[in-house]
Amino acid sequence: MCQLALSDLPVDVASKVLVNPIEVLRTGPSYAIDTVEAVAQNYPGDSIHLIVGQDAADKLDQWHRIEDLKKLVTFIIIERPGSESDLGIDIGALNVASTGIREGSSREYSPSVAQFIKEHHLYGS
């Protein structure tokens, strides 16, 4: 679905994005720390920035091995649309949440992804 979403973006934007299938290829549970450790092995010496929404950032204390993760990444927090918080960056994001997509109440995302979800009967579509 990430590849499909990229196909809906302008070429000059999409060409700057790489979709890594690392989590799809992993068997069993996939935690952020596992992904970051794998990325760090593939890109030694590079800094890793993990972009999360404010709602996810509010629950970081519940993440698997969060203290290890904090040592490996710099978190970039994105504010939710309409947020009154000054803790994150406002990027003018769409007011779309994964919960809304799963429940079928949010349709403001990629047309290609919306079609894929409908065709494959995902998220109760």
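Every value quoted in this text rests on a predicted model; they were computed, and no experiment measured them.

S.K.: What exactly am I supposed to notice about the overall build of the chain here?
M.R.: Per the secondary structure count, the chain includes eight helices and two strands. Taken from N to C terminus, the helices and strands of the chain fall in the order α-α-α-α-β-α-α-β-α-α. Across the 125 residues in the chain, those meeting the buried criterion constitute 23%. Taking the contacts inside the chain whose residues are at least 6 apart along the sequence as the reference set, 45% of them involve residues at least 24 apart. Total accessible area computed for the chain in this model is approximately 8900 Å², and 55% of it derives from carbon and sulfur atoms.

S.K.: I would appreciate a short explanation of unusual backbone geometry in the present structure.
M.R.: Outside of glycine, negative phi angles account for most residues, and trans bonds account for most peptide bonds. We note that R65 has phi near 55°; this positive angle belongs to a residue other than glycine. Of the residues examined, R65 reaches a relative accessible area of 33% and is grouped as partly exposed. Phi is positive for H121, close to 50°, though the residue is something other than glycine. Position of H121 among the secondary structure elements: in the segment after α8 (111–119). Looking at H121, the relative accessible area reads 64%, which means it is exposed.

S.K.: Please explain the confidence of the model for the chain as it appears in this structure.
M.R.: Taken residue by residue, the chain gives an average pLDDT of 85. The fraction at 70 or more is 81%. Mean pLDDT across the secondary structure elements of the chain bottoms out at helix α7 (residues 98–103), with 64, and peaks at helix α6 (residues 66–72), with 98.

S.K.: What is the right way to read the nonpolar core from this model?
M.R.: Generally speaking, soluble globular proteins have nonpolar side chains that are buried together. Ranked by size, the top nonpolar core spans twelve residues in total: I33, V36, I48, L50, V52, A57, L60, I66, L69, V73, F75 and I77. At the level of secondary structure, the elements contributing two or more residues to this core comprise α4 (32–42), β1 (48–53), α6 and β2 (73–78). In this structure, A57 is in contact with V52 and I77, ignoring residues within four places of it in sequence.

S.K.: Help me understand α4, please; the structure alone is not making it clear to me.
M.R.: Helical geometry note: an α-helix holds 3.6 residues per turn, so side chains three or four residues apart project in the same direction. Looking only at α4, the buried set comprises I33, T35, V36 and A38. In this structure, the buried residues of α4 make contact with α3 (22–25), β1, α6 and β2.

S.K.: Would you mind going over the environment of E23 with me for this structure?
M.R.: Here E23 shows up in helix α3. Residue classification places E23 among the partly exposed residues on the basis of a relative accessible area of 41%. As a C-alpha pair, E23 and D34 span eleven residues in sequence and 8.9 Å in three-dimensional space. Not counting residues within four places of it along the chain, the set of residues in contact with E23 comprises S30, Y31 and T35. One polar contact links E23 to T35, side chain to side chain, over a distance of 2.7 Å.

S.K.: How do you make sense of the side chain of T35 when you look at a structure like this?
M.R.: Relative to the assigned elements, T35 resides in helix α4. Setting aside residues no more than four positions away along its own chain, T35 makes contact with I22, E23, R26 and S30.

The rules we used
- Residues numbered from 1 in each chain as written.
- Predicted model: local features only at pLDDT ≥ 70, side-chain atom pairs only at ≥ 80, totals over all residues.
- Heavy atoms only, no water.
- Helix = DSSP H or I, 4+ residues; strand = E, 2+ residues; numbered from the N terminus.
- Buried < 20%, exposed > 50% of the residue type's maximum accessible area, 1.4 Å probe, protein only.
- Contact = heavy atoms within 4.5 Å.
- Areas by Shrake-Rupley, 256 points an atom, 1.4 Å probe, with all protein chains shown as cover.
- pLDDT = per-residue confidence, 0-100.
- Core = buried A, V, L, I, M, F, W, Y, C linked by side-chain atoms within 4.5 Å.
- Polar contact = N/O pair within 3.5 Å; in protein donor to acceptor, adjacent residues only side chain to side chain.

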